[in-house]
Amino acid sequence: QVQLVESGGGLVQPGGSLRLSCAASGIHFSINTMGWYRQAPGKQRELVALISRGGSTNYADSVKDRFTISRDTTKNTVYLQMNSLKLEDTAVYYCQITRIAGTEITYWGQGTQVTVSS
């Protein structure tokens with residue numbers, strides 16, 4: 001079975017940094033996209049960052065110039081480097097991968113909590 005396991009979440013102070021990792025296992029197909037989403041209490045889940053099969057990236061306006069998405073193809077792992085963290089970044093962060101097999105199929109990780117607080 002496909003599994004996505006996130007790690008690296010925790011408690012950080014405003015202005016601090018954190019790096020999230022998502023290791024995918026059971027992959028027997030070509031990945032289309034890898035990305036990070038987040039969901040804060042009472043809010044909709046939103047896209048944070050995405051990296052495509054060709055390596056292009058896009059970010060939510062709220063995290064541009066602060067967050068960086070990257071991947072290690074040989075390890076089937078995607079990372080999210082988060083710098084200059086703000087209180088508003090507090091959320092559960094979810095890893096996501098997609099593939100195209102006639103139709104798009106999406107897989108989700110279990111989520112990791114990121115709390116920004118003084």
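Residues numbered from 1 in each chain as written. Predicted model: local features only at pLDDT ≥ 70, side-chain atom pairs only at ≥ 80, totals over all residues. Heavy atoms only, no water.

What follows is about the side chain of Thr 33. One can find Thr 33 in strand E4 (residues 33–39). Beyond its immediate stretch of four places on either side in the chain, Thr 33 contacts Leu 50, Ile 51, Ser 52, Gln 96, Ile 97 and Thr 98. (Helix = DSSP H or I, 4+ residues; strand = E, 2+ residues; numbered from the N terminus. Contact = heavy atoms within 4.5 Å.)

As a further point, take the packing of aromatic side chains. Tallying each qualifying case throughout the model produces two aromatic pairs. A ring pair is formed by Phe 29 and Tyr 107, whose centres lie 5.6 Å apart and whose planes are at 15 degrees; its orientation type is stacked. With a gap of 78 residues between them, Phe 29 in the loop between strand E3 (18–25) and E4 and Tyr 107 in strand E10 (residues 104–108) connect regions that are remote in the sequence. Above the plane of the ring of Tyr 94 lies Arg 45, whose end atom (NZ or CZ) is 3.9 Å from the centre. (Phe/Tyr/Trp six-rings, centres within 6.5 Å; stacked < 30°, edge-to-face > 60°. Lys NZ or Arg CZ within 6 Å of the ring centre and 35° of its normal.)

Turning to the state of the cysteines, a few remarks are in order. Counted according to the given criterion, the structure contains one disulfide. The residue that forms a disulfide with Cys 22 is Cys 95, at a sulfur-sulfur distance of 2.1 Å. Linking Cys 22 and Cys 95, the disulfide has an S-S dihedral of approximately -85 degrees and is accordingly described as left-handed. Of this pair, Cys 22 sits in strand E3 while Cys 95 sits in strand E9 (residues 91–100); the two residues are 73 residues apart in sequence, bridging distant segments of the chain. We classify Cys 95 as buried; its relative accessible area is 0%. (Disulfide = S-S within 2.5 Å. Buried < 20%, exposed > 50% of the residue type's maximum accessible area, 1.4 Å probe, protein only.)

Turning next to the pattern of salt bridges. The tally for this structure, following the rule as stated, stands at four salt bridges. In this structure, Arg 38 engages Asp 89 in a salt bridge whose closest nitrogen and oxygen atoms are separated by 3.0 Å. Separated by 51 residues along the polypeptide, Arg 38 in strand E4 and Asp 89 in the loop between strand E8 (77–82) and E9 bring together distant segments of the chain. The same class applies to Arg 38 as to Asp 89, namely buried. A salt bridge links Arg 66 to Asp 89; the shortest N-O distance between them is 2.8 Å. Placement of the pair is Arg 66 in the loop between strand E6 (57–59) and strand E7 (67–72) and Asp 89 in the loop between E8 and E9, with a sequence separation of 23 residues. (Salt bridge = Lys/Arg side-chain N within 4 Å of Asp/Glu carboxyl O.)

Following the sequence through the fold, Arg 71 ends up in strand E7. A sequence separation of eleven residues divides Arg 71 from Ala 60, and the C-alpha atoms of the two residues are 18 Å apart. For Arg 71, the residues in contact, after removing those within four places along its chain, are Met 34, Ile 51, Ser 52, Arg 53, Gly 54, Gly 55, Thr 77, Val 78 and Tyr 79. Separated by 2.8 Å, the side chain of Arg 71 and the backbone oxygen of Ser 52 make a polar contact. (Polar contact = N/O pair within 3.5 Å; in protein donor to acceptor, adjacent residues only side chain to side chain.)

None of this, on its own, says anything about what the molecule does.
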